[in-house]
Amino acid sequence: MKTALVFHPKYLLHEQSRDHPERKERLSYTLDQLREEGLFDHPSVEVFTPSEAPMEAVGRVHIPEYLRFLEQASRRGGFIDFDTNVPPGLFSHALLAAGGALRAADAVLSGEARNAFALVRPPGHHARPGTGAGFCYLNNVAIMVRHVQARGVKKVLILDWDAHHGDGTQQIFYEDPTVLFTSVHQWPFYPGSGAVEETGSGKGAGFTANMPVPAGTGDESYHFLFDTVIAPLAEEFSPDLIAISAGQDNHFTDPLTGLALTARGYADLMKKAVDLAENLCGGRLVAVLEGGYSVEGGLPYTNLGIIAAMAGLDLRNIREPEGYGEWLTRAGDPSAHAVVKEHAAALRANLAPFWQCFR
Amino acid sequence: MLIGMDAGGTNTDLAMVDREVTSVKVPNTLGIREVLSHARAPGRLAVSTSTPLNRVLTGDPARVQTILIPGPGLFWPGGIRGAVNHRGDIVEHLDSTEVGGVLASSRGDVLAITGKFSVRNPSLEQEVAARALDHYAEERIAVSHHLATLDFPGRAATTRLNARMKEAVCLLAGEIGAERKDFFFFRGDGGLIPPAYAIRDPSVLYHSSTAAAALGAFYLSKVEECLVVDIGGTTTDLVRLSGGKPAMETIVADGERTVTRAVAAITLPYGGDSVIEETIQPRRMGNALAFGGIRPTLTDALNVTGCEIGNAGASGLLDRTSAERALEEYISLVSRAVAASGARMVVGTGYLAQFLVPRIARHSGASFTIPPHAECANAVGVAVSRVTLTLHARFDSGRGAVVFNGEPQELRTLGDDEAVLDRCRAEVKQRAIAAGADPRDVEDVRVLHFHAYDVVRSSFRSARIADVVVQIAPGITAEAP
């Protein structure tokens, strides 16, 4: 079965301002790369064009007061925070991004595709029920998760690997035992949350797993966390669908963050997630694009690698151009892995009361 | 005078379109010079031909050596070192020893070279092609950057096809050019191009005869919404017209998707020369009895049931029962295809249309018309077509370059979006007129794609990029009466 690629030409148009990191340029080179690779006509890929998310779906996550504000501010322009302006026409673009996540999930649930990647803009994982933040307006992944649950999917595992902690998504599901939220993120860093002590509350206690990593963290550590934290948790939780908040700002060329993941590292990570989904939930995996600001040097290679892994393609040539070697050496920090292991041990200890796999 | 020529498998149809339409059918066995002697009148000559393609498909299969320069990305077996990135920068150089070794070790009859992102910077492809001249004649080397569109696997497939067809197109262009200097080739999407364009990308000749009949059917009938049923010697082609324009599709050759678009046709393997053995067979084995052949065909079946085509008496070797059964079978096959298409109006073309299309239409429940000169609609379509041109432009002020259809030029100033569009419109018009277009035909330039964005580095806007595709679409020339 095929991999769904959800894309709309309008995803290239949103721009807070001409100089903002989340600008038109962000996906343009990625699109060039995907087109040049022939992925839009690839026998293993099916392209789906989304429409705007219905208010009913958005309203399962966001409060009516915020949606009214966003709609009104979108008419003439508005302001949420210094990272997050509301340019005129934003509401329609934000609904289309959420709609992309919904279309991806629907493709998977209906059996049109084995798994799906929604190549959307603007991103969503910092958006909370009552406000946007950090370039995000509507929480695309959360809206998608509530949508699949409304369609009968019971348990969802979210893996948020964006370099920034997915604080909005964490808050939305913090007390919900049907959604296991896991996040690997640079720390300390924006937005400041995402400590190993934040493990959920109420009925959701134990259903949030934060894996903070220091600057300079690279492929080895991400795979270590996947193998020793994410996979065991997933196997015990036994999700009906895996959702990935796929932020590609961990790449070693990203100008906004300090991590050192490679394109091949991303592809292999996605391959592990695909295998996990195959083993646990019939392959049902929905990835939604979040951040990633190395627009020219990183995103074309990381996004391609992720799609290639989802579609089961040969990953041996997923790489950056040869001249990037020194850049990677500068970005990586050999001491980071020890810190990652330390944090992971602390997290496992914090989660041990809730999960057999960590006892 | 507009002169159209459609070289089919057996005969070549010539149409001279002035205030009146005159036509002649000449057997191919007489040769190009003899065929062209029938088109001595001054005027514009346009040629539709499936000859290069047929030579490729029916001749000895050529061994195609493929050299890919894939760079980082999806894995392609047999790729050589070297990479151009999405901006058009060379990020990995060729390994000269490797190139020499590959060219020396695994020689084919023809060579296809395709580099990833060569449409943004063709220099690696050109470097390999230059080295290859020691091993291959230029007519046997095809490169991909002129194909202009982003789609490495599609370009690779198209370039392989082009490598196989290129020499035959060169030969034909030389033969026609020796008789008549200025002429055009007719594309499978219904437009005209100078020979040099066809030599660079011979794949555009694919399906050209089908496109010719479709365009001619519209010109002669003026029916905008219909199904053209073109009955030839070997095949019957069905082409849907909407707004007077044929539906288009991407060509798949040898199971590989190309980047070339051509008229979308349903081709049934039956025509006037289809041999009758018990009933109609999907193959041609020479002419009908009525035209000196030795086996009865569909044409003979028509004669046996009362028509007068060619030497009708010679068709008498076919018995009436077999003739009626073969006709029934043919009418039924085509009618089912017409009905399945949902067409309500059929325009019949080809010499046999007058005998067969009324029955096909009745069986399928559609109305029909057979326009005057339907027997040479294909050649008329070629004659009245206009020069078409698609221009893919990539402006990158950061690199100081604009790439038009795979060929970089220096970019001095970019200007605003409207200035970029104006420049593309002016460029495509100028190129079309240089290619021989009537100035009236280049007024309607369509913008098929426009995307422009700022390049921001270190929080500053350092450059701007614009991707544009403009087109002078195929259609009927203003010169046509």
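Just so you know, the residues in each chain are numbered from 1, in the order the chain's sequence is written. All chains are assigned letters beginning with A, and all ligands numbers beginning with 1, in the order in which they are written. In keeping with the model being predicted, local features are shown solely for residues with a pLDDT of at least 70 and side-chain atom pairs are shown and tallied solely at 80 or more, while totals for entire chains, interfaces and linings include all residues.

**A short note on the overall build of chain B**
- A run of H or I in DSSP becomes a helix once it reaches four residues, and a run of E becomes a strand once it reaches two; helices and strands are each numbered from the N terminus. Helix and strand counts for chain B come out as twelve helices and 26 strands.
- Taken over C-alpha atoms, the radius of gyration is set against a globule rule of 2.2 Å times the number of residues to the power 0.38. Its C-alpha atoms give chain B a radius of gyration of 25 Å, within 12% of the compact-globule value 23 Å for 481 residues.
- Taken over the C-alpha atoms alone, chain B extends approximately 85 × 50 × 45 Å along its principal axes.
- To sort residues by exposure, count the other C-beta atoms lying within 10 Å of each residue's C-beta; 20 or more gives buried, 12 or fewer gives exposed, and values between give partly exposed, all with C-beta atoms placed from the backbone. Each of the 481 residues in chain B was classed as buried or not, and the buried ones make up 51%.

**Remarks on the overall build of chain A**
- Secondary structure assignment for chain A yields eleven helices and ten strands.
- Computed over the C-alpha atoms, the radius of gyration of chain A is 19 Å, within 12% of the 21 Å expected from 2.2 N^0.38 for a compact globule of 359 residues.
- Projecting the C-alpha coordinates of chain A onto the three principal axes gives extents of approximately 50 × 50 × 40 Å.
- Counting only residues that meet the buried cut, chain A has 60% of its 359 residues in that class.

**Examining helix α7 (residues 219-237) of chain A**
Residue and element names in this part refer to chain A.
- Take the number of residues in a helix, subtract one, and multiply by 1.5 Å to get its expected span. An ideal rise of 1.5 Å per residue puts 27 Å on 19 residues; α7 measures up with 25 Å between its terminal C-alpha atoms.
- Taking the largest bend as the criterion, α7 deviates by roughly 40°, centred on Phe226.
- Three or more residues of α7 are buried, namely Ser221, Tyr222, Leu225, Phe226, Val229, Ile230, Leu233, Ala234 and Phe237.
- Just past α7, the residue Ser238 takes up positive phi, approximately 55°. The bend at a residue is defined as the angle formed between two axes, one fitted to the seven residues ending at that residue and one fitted to the seven starting there.

**Comments concerning the interface of chain A and chain B**
- Remark: residues whose backbone-derived C-beta atoms lie within 7 Å of one another are considered to be in contact. Listed as interface residues are 29 residues of chain A and, on the opposing side, 26 residues of chain B.
- Those elements that place two or more of their residues in the side of chain A that touches chain B are α1 (25-36) and α9 (299-310) of chain A.
- The class makeup of the residues in the side of chain A that touches chain B is eight nonpolar, five polar and 16 charged. Each residue gets one of three labels, nonpolar for Ala, Val, Leu, Ile, Met, Phe, Trp, Tyr, Cys and Pro, charged for Asp, Glu, Lys and Arg, and polar for the others, Gly among them.

**Describing the environment of Leu14 of chain B**
- Among the secondary structure elements, Leu14 of chain B is positioned in strand β2 (residues 11-17).
- On the basis of neighbour counts, which here come to 25 C-beta atoms within 10 Å, the residue Leu14 of chain B falls in the buried class.

**So, the nonpolar core**
- Among buried residues, those of type Ala, Val, Leu, Ile, Met, Phe, Trp, Tyr and Cys that are joined through C-beta atoms within 7 Å form a set called a nonpolar core. In terms of nonpolar packing, the biggest core is built from 140 residues, with Ala214, Val228, Val229, Val346, Val380 and Ala383 of chain B touching the most fellow members.
- Sort the elements by how many residues they give to this core and helix α5 (residues 152-179) of chain B lands first, with eleven residues.
- For Val229 of chain B, the contacting residues outside a window of four places in its chain are Thr236, Leu238, Val334, Val338, Val346, Gly348, Val357 and Ile360 of chain B.
- By size, the runner-up hydrophobic cluster in this structure holds 118 residues, among which are Leu70, Phe173, Phe226 and Val229 of chain A.

**Some details on the pairing of strand β6 (residues 156-160) of chain A**
All names here are of chain A.
- Of all five residues in β6, five are buried, a share of seventy percent or more.
- In β6, alternate side chains face the same way, and those of Val156, Ile158 and Asp160 on one face and Leu157 and Leu159 on the other are all buried.
- In this scheme, strands are said to pair when DSSP sees at least two bridges between them. Examined bridge by bridge, β6 and strand β7 (residues 179-186) share five bridges and lie parallel to one another. Paired with Ile158 across the strands is Phe181, a residue of β7.
- We call a crossover right-handed when, viewed with the strands running away from us, the connection from the first strand over the helix to the second turns clockwise. You can see the chain leave β6, run along helix α6 (residues 167-173) and come back into β7, and the turn it takes is right-handed.
- In terms of strand pairing, β6 meets strand β9 (residues 241-246) through five bridges, oriented parallel. Opposite Leu159, over in β9, you have Ile244 as the bridge partner.

**Examining the sheet that holds strand β24 (residues 407-410) of chain B**
All names here are of chain B.
- Strands sit in the order β24-β23-β22-β26-β25 across an open sheet of five strands; the sheet is antiparallel. In this open sheet, the two edge strands, each paired with only one partner strand, are β24 and β25 (445-457). On average, each strand axis in the sheet is inclined to that of its neighbour by 15°, with strand direction left out of account. Axis geometry follows a simple rule: fit a line to the C-alpha atoms, using only the stretch in contact for helices, then measure angles between N-to-C directions, giving values from 0 to 180 degrees.

**Remarks on the packing of helix α4 (residues 90-109) of chain A against helix α5 (residues 140-150) of chain A**
All names here are of chain A.
- Running from amino to carboxyl end, α4 crosses α5 at an angle of 40°, the nearest separation of the two axes being 8 Å. Between α4 and α5, the interaxial angle falls into the category oblique. Crossing geometry of α4 relative to α5 is assigned as right-handed. Side by side, α4 and α5 meet where Ala97, Ala98, Ala101, Leu102, Ala105 and Leu109 of the first sit next to Asn140, Val141, Ile143, Met144, His147 and Val148 of the second.
- Looking at side-chain class alone, the contact of α4 with α5 contains ten nonpolar, two polar and no charged residues. An angle below 35 degrees is treated as roughly parallel, one above 145 as roughly antiparallel, one from 65 to 115 as roughly perpendicular, and anything else as oblique. Left-handed describes a crossing in which the near helix is turned anticlockwise from the far one by less than a right angle; the clockwise case is right-handed.

**Details of the sheet that holds strand β2 (residues 45-48) of chain A**
Residues and elements named next belong to chain A.
- Ordered in space as β2-β1-β5-β10-β9-β6-β7-β8, the eight strands form an open sheet in which the pairing is parallel. This sheet does not close on itself; its edge strands, each paired only once, are β2 and β8 (208-213). Between one strand axis and the next, the sheet turns through 15° on average, direction left out of account.
- Running over the sheet, α4 touches β1 (3-6), β2, β5 (115-118) and β10 (285-289) and is turned about 170° from β5.
- Sitting on the sheet, α9 is in contact with β1, β5, β9 and β10, with an inclination near 165° to β5.

**Quick word on the environment of Gln356 of chain A**
Residue and element names in this part refer to chain A.
- Here Gln356 shows up in the segment after α11 (336-351).
- On the basis of neighbour count, Gln356 is assigned to the exposed category, with 8 C-beta atoms found within 10 Å.
- With 210 residues separating them in the primary sequence, Gln356 and Arg146 have C-alpha atoms 27 Å apart.

**Considering unusual backbone geometry**
- Of note, the amide linkage connecting Arg121 of chain A to Pro122 of chain A takes the cis form, showing an omega dihedral of -5°.
- Look at the link from Trp187 of chain A to Pro188 of chain A: it is a cis peptide, with omega at 0°.
- Within the element layout of this structure, Pro188 of chain A appears in the loop between β7 and β8.
- Positive phi, normally seen in glycine, also occurs at Phe135 of chain A, with a value near 75°.
- Looking at the element boundaries, Phe135 of chain A is found in the loop between β5 and α5.
- Despite not being glycine, Ser459 of chain B has its phi angle at roughly 70°, a positive value.
- For Ser459 of chain B, the position within the fold is in the loop between β25 and β26 (460-472).

**Remarks on the confidence of the model for chain B**
- You can read pLDDT as the predictor saying how much it trusts each residue, on a scale of 0 to 100. The predicted model of chain B averages 93 in pLDDT, with 99% of residues at 70 or higher.
- For this predicted complex, the interface score ipTM comes out at 0.95, alongside a pTM of 0.93.

**Points about the environment of Tyr351 of chain B**
All names here are of chain B.
- Relative to the elements of secondary structure, Tyr351 occurs in the loop between β20 (345-349) and α10 (353-364).
- Judged by local crowding, Tyr351 falls into the partly exposed class, with 19 C-beta atoms found within 10 Å.
- Distance in space between the C-alpha atoms of Tyr351 and Glu225 is 22 Å, their sequence separation being 126 residues.

**Side note on helix α11 (residues 377-384) of chain B**
- For α11 of chain B, the tally of buried residues reaches eight of eight residues, placing the bulk of the element in the interior.
- Listed in full, the buried residues belonging to α11 of chain B are Ala377, Asn378, Ala379, Val380, Gly381, Val382, Ala383 and Val384 of chain B.

**Things to note about the packing of α7 of chain A against helix α8 (residues 263-281) of chain A**
Residue and element names in this part refer to chain A.
- Where α7 meets α8, the axes come as close as 10 Å, and the angle between the chain directions of the two elements is 10°. With respect to their mutual orientation, α7 and α8 come out roughly parallel. In this structure, α7 contributes Asp219, Tyr222, His223, Phe226, Ala231, Ala234 and Glu235 to the contact, and α8 contributes Gly265, Asp268, Leu269, Lys272, Leu276 and Leu280.
- The residue makeup of the contact of α7 with α8, split by class, is seven nonpolar, two polar and four charged.

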